[in-house]
Every structure is written in structure tokens, then in C-alpha cells.
Amino acid sequence: MPREIALHGVYLPTVTLLFLIALGVTWGLDRVLAWIGLYRFTWHPTLFRICLFVCLYGGMALFVYS
């Protein structure tokens with residue numbers, strides 16, 4: 001996979017695209033987890049959301065860059 005993506009003549013790092021994808025996936029998972037009521041069992045829902053995003057983003061970046 002290329003390390004850079006050309007967007008209208010501007011080269012962007014691949015992690016920029018991964019950031020946006022991870023943001024969308026996290027938003028979707030957040031809606032599903034809130035709908036099933038998982039956040040009632042978490043100690044700090046905001047911290048859980050941030051950790052979910054970081055795990056998804058880090059996993060996707062490791063998949064691309066390894």
C-alpha cells in the first residue's frame with residue numbers, strides 16, 4: 001500500500017485517510033453500543049469512546065505500516 005495518497009495534487013499521508021475511516025467506524029460503533037446499553041456498565045463512557053478510537057486507529061495504522 002502506498003505511504004502517501006495524492007488528493008488533487010496534494011500528497012497526504014495514509015494515516016490521514018485512516019484517521020477519517022477510524023472516526024467514522026468509531027462513530028458507528030458508538031451509536032450501536034449506546035443503543036444496546038453498554039455504556040451503563042462502563043466506568044467512564046467518554047474515556048471508553050476515546051480508547052475505542054485509539055485502538056481502531058492504531059490497529060489500522062499497524063496493519064498498513066507493518
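Structural data are supplied above this passage.
Note that the structure is predicted; figures quoted are calculated from it, not measured. (Residues numbered from 1 in each chain as written. Predicted model: local features only at pLDDT ≥ 70, side-chain atom pairs only at ≥ 80, totals over all residues. Heavy atoms only, no water.)

Peer 1: Explanation requested: the pairing of strand β2 (residues 10-13) in the structure shown.
Peer 2: Moving residue by residue along a regular strand, the side chains alternate between the two faces of the sheet. Inspection of the sheet shows strand β1 (residues 4-7) paired to β2 by four bridges, in the antiparallel sense. Bridged to Ile5 within β2 is Leu12. (Pairing = 2+ DSSP bridges. Helix = DSSP H or I, 4+ residues; strand = E, 2+ residues; numbered from the N terminus.)

Peer 1: Could you clarify how one ought to interpret a nonpolar patch on the surface in this entry?
Peer 2: Together, Leu17, Ile21, Val25 and Leu29 line one region of the surface with nonpolar side chains, adding up to about 290 Å² of accessible area. Mapped onto the elements, Leu17 comes out in helix α1 (residues 14-36). Residue Leu17 is classed as partly exposed on the basis of its relative accessible area of 41%. (Patch = residues over 30% accessible without salt bridge, like charges linked within 9 Å, V, L, I, M, F, W, Y side chains within 5 Å. Areas by Shrake-Rupley, 256 points an atom, 1.4 Å probe, with all protein chains shown as cover. Salt bridge = Lys/Arg side-chain N within 4 Å of Asp/Glu carboxyl O. Buried < 20%, exposed > 50% of the residue type's maximum accessible area, 1.4 Å probe, protein only.)

Peer 1: Help me out: how do you make sense of the environment of Ile21 in this one?
Peer 2: With respect to the helices and strands, Ile21 occurs in helix α1. The class of Ile21 is partly exposed, set by a relative accessible area of 40%. Taking the C-alpha atoms as reference, Ile21 lies 9.3 Å from Met60; in sequence the two are 39 residues apart.

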